[in-house]
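# Coordinate inspection notes
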Amino acid sequence: MITVPVPLGERAYRVAVGRGARAELAAMLPASARRVAVITQEGIPLVDELRYGERAVHRFTIGHGEQHKTLATIEILCRGFATVGLTRSDAVVAVGGGMVTDVAGYAAASWHRGVNVVHIPTSLLGMIDAAIGGKTGVNLPEGKNLVGAFWQPVGVICDLDALVTLPAREMRCGRGEMAKYHFLTGDDLLALDDEARIARCVAIKAEVVGADEREEGRRAILNYGHTLAHALEIGTQHGLAHGEAVAIGLIYAALLAEVLGRIDAARVQYHREVVEEAYGLSTALPDGLDPEHLLALMARDKKARDGLTFVLDGSSGVEVVAGVPAEAAREALDRMG
Ligand SMILES: NC(=O)c1ccc[n+]([C@@H]2O[C@H](COP(=O)([O-])OP(=O)(O)OC[C@H]3O[C@@H](n4cnc5c(N)ncnc54)[C@H](O)[C@@H]3O)[C@@H](O)[C@H]2O)c1
């Protein structure tokens, strides 16, 4: 098992990564907690194998899908917490994908103005992204993740045994997000085994979050590949899942950096080696999308400042680049073929 520290001063915590890491749960829960509210979904593995020490355990099961990532679900959960008498010294444990950890994290942030939460992400995306860094929240009809809070967990457990039952498409989506980490630092993630690679992704995210918890600057590099990805998700009415769109977005970001003279052809090829060859992800633009529509959607991206803004690779690493000319963005789309 590998332990990754998340450096956040007095709110620092650790992430346990490895097969069987679920055995860490009782020790991760605060000593003060006498009751534990477990939030999960039907079909999530590990839940029945968790051990909580001498604590009363109350399980809450929420629905599947973004349509349940709502304030209504938060109300149901908090009313459940009231029924079982959960106090601020108790704890919430989230067991599931990113949707569960986002919802449970926000319920924990809100209940009695904040109760301890431990995340046990069971999807690859949850392990390397959603459960790390303290962003929690729910959707509104007006948009995704519009209501939420920064609320750091007291610990995270990434037990690789959970991934055995993860559906293939969810695994692919996780790999799309994982591919991103290959370009954020100089190290060779492909040389690592699964456990070490997941731990390294966690460590990269932890380091970025530690330096910029509230996304005022550096944290934006975690959106590498995401500008086109968001446009593709909207343009395909979510026919492409997020991680699938990120895989395409990473190649696009590399081509755009090449158009702008920031990286050379060999570095673009390295992107293809990771995304297409190592992870087997499709990077073709879906048929029938109008490039001008994609450009318009990218110009509306919520991270956009001064026209077209991208997170781009370059000689000093991946960074936010504002004021990218529309012609360059168009040329890079052309090069996607
Ligand atoms: N807070 C953040 O920083 C952050 C970052 C990225 C994504 N997110 C959020 O994460 C969510 C996406 O997370 P996700 O991709 O994990 O999707 P998800 O949580 O919706 O899970 C996808 C499906 O897989 C199932 N599942 C999860 N683990 C399983 C397992 N081990 N075996 C069998 N089935 C399993 C779930 O029940 C669900 O049906 C989105 O809501 C997104 O907004 C948050």
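A short tour of the structure in this document, coming up. Note that the structure is predicted; figures quoted are calculated from it, not measured. (Residues numbered from 1 in each chain as written. Predicted model: local features only at pLDDT ≥ 70, side-chain atom pairs only at ≥ 80, totals over all residues. Heavy atoms only, no water.)

Taking 1.5 Å per residue, 13 residues should reach 18 Å; helix 3 (residues 98–110) reaches 18 Å between its end C-alpha atoms and fits that length. Extensive coverage of helix 3 is indicated by the burial of 12 of its 13 residues. Turning to helix 3, its buried residues number three or more, namely G98, M99, V100, T101, D102, V103, A104, G105, Y106, A107, A108 and A109. Following helix 3 by one or two positions, H112 has its phi on the positive side, about 50 degrees. (Helix = DSSP H or I, 4+ residues; strand = E, 2+ residues; numbered from the N terminus. Expected span 1.5 Å × (residues − 1). Buried < 20%, exposed > 50% of the residue type's maximum accessible area, 1.4 Å probe, protein only.)

Our focus in this paragraph is the site of the ligand. Around the ligand there are 25 residues in total, and Q41, E66, K69, S123 and T165 lie nearest to it. With respect to the ligand, the side chain of K69 contributes an N or O atom lying 2.8 Å from an oxygen atom. Relative to its unbound accessible surface of 860 Å², the ligand loses 84% to contact with the protein. For the shell around the ligand, the secondary structure elements donating two or more residues are helix 3, helix 4 (124–130) and strand 8 (143–150). In terms of residue class, the shell around the ligand is made up of 8 nonpolar, 9 polar and 8 charged. (Near = heavy atom within 4 Å. Polar contact = N/O pair within 3.5 Å; in protein donor to acceptor, adjacent residues only side chain to side chain. Areas by Shrake-Rupley, 256 points an atom, 1.4 Å probe, with all protein chains shown as cover. Nonpolar A, V, L, I, M, F, W, Y, C, P; charged D, E, K, R; others polar.)

Okay, the sheet that holds strand 4 (residues 56–62) next. The 7 strands lie next to each other as 1-2-9-6-5-3-4, forming an open sheet whose pairing is mixed. With partners counted over all chains shown, the strands left at the sheet margins are strand 1 (2–6) and strand 4, one partner each. Sheet twist, expressed as the mean angle between neighbouring strand axes with direction ignored, is 20 degrees. Pairing geometry for strand 6 (residues 116–121) and strand 9 (residues 155–158), over 2 bridges, is parallel. Note on strand 9: the bridge partner recorded for V118 is G155. Of the strands in this sheet, strand 3 (35–41), strand 4, strand 5 (91–96) and strand 6 are in contact with helix 3, which crosses strand 5 at around 165 degrees. Helix 6 (residues 194–211) rests against strand 1 and strand 2 (13–17) of the sheet, and its axis sits at about 5 degrees to strand 1. (Pairing = 2+ DSSP bridges. Axes fitted to C-alpha atoms, helices over the stretch in contact; angles between N-to-C directions. Contact = heavy atoms within 4.5 Å.)

Turning next to the packing of aromatic side chains. Summed over all chains, the structure comprises 5 aromatic pairs. Taking 5.6 Å as the distance between ring centres and 80 degrees as the angle between the ring planes, the aromatic pair formed by F60 and F81 counts as edge-to-face. You can see F60 sitting in strand 4 and its partner F81 sitting in helix 2 (residues 71–84), a full 21 residues away along the chain. With a centroid separation of 6.1 Å and an interplanar angle of 70 degrees, the aromatic rings of F183 and Y224 are classed as edge-to-face. Of the two residues, F183 is situated in the loop between helix 5 (168–181) and helix 6 and Y224 in the loop between helix 6 and helix 7 (226–235); the sequence distance between them amounts to 41 residues. Residues F183 and Y224 agree in their burial class; the two are buried. Three or more aromatic residues joined by ring pairs form one cluster here, namely F60, F81 and W111. A cation over a ring is seen here: K180 above Y181, with NZ or CZ 4.9 Å from the ring centre. (Phe/Tyr/Trp six-rings, centres within 6.5 Å; stacked < 30°, edge-to-face > 60°. Lys NZ or Arg CZ within 6 Å of the ring centre and 35° of its normal.)

Enumeration according to the criterion identifies 24 salt bridges in this entry. K69 is the partner of D102 in a salt bridge, and the nearest nitrogen-oxygen pair spans 2.8 Å. A residue pair is termed long-range when its members are at least 10 positions apart, and D102 in helix 3 and K69 in the loop between strand 4 and helix 2 qualify at 33 residues. Pair check on accessibility: D102 and K69 agree, each one buried. Across the salt bridge formed by D313 and R267, the nearest N and O atoms sit 2.6 Å from each other. One end of the pair, D313, is in the loop between strand 10 (308–312) and strand 11 (319–324); the other, R267, is in helix 9 (residues 265–278), with 46 residues separating them in the sequence. (Salt bridge = Lys/Arg side-chain N within 4 Å of Asp/Glu carboxyl O.)

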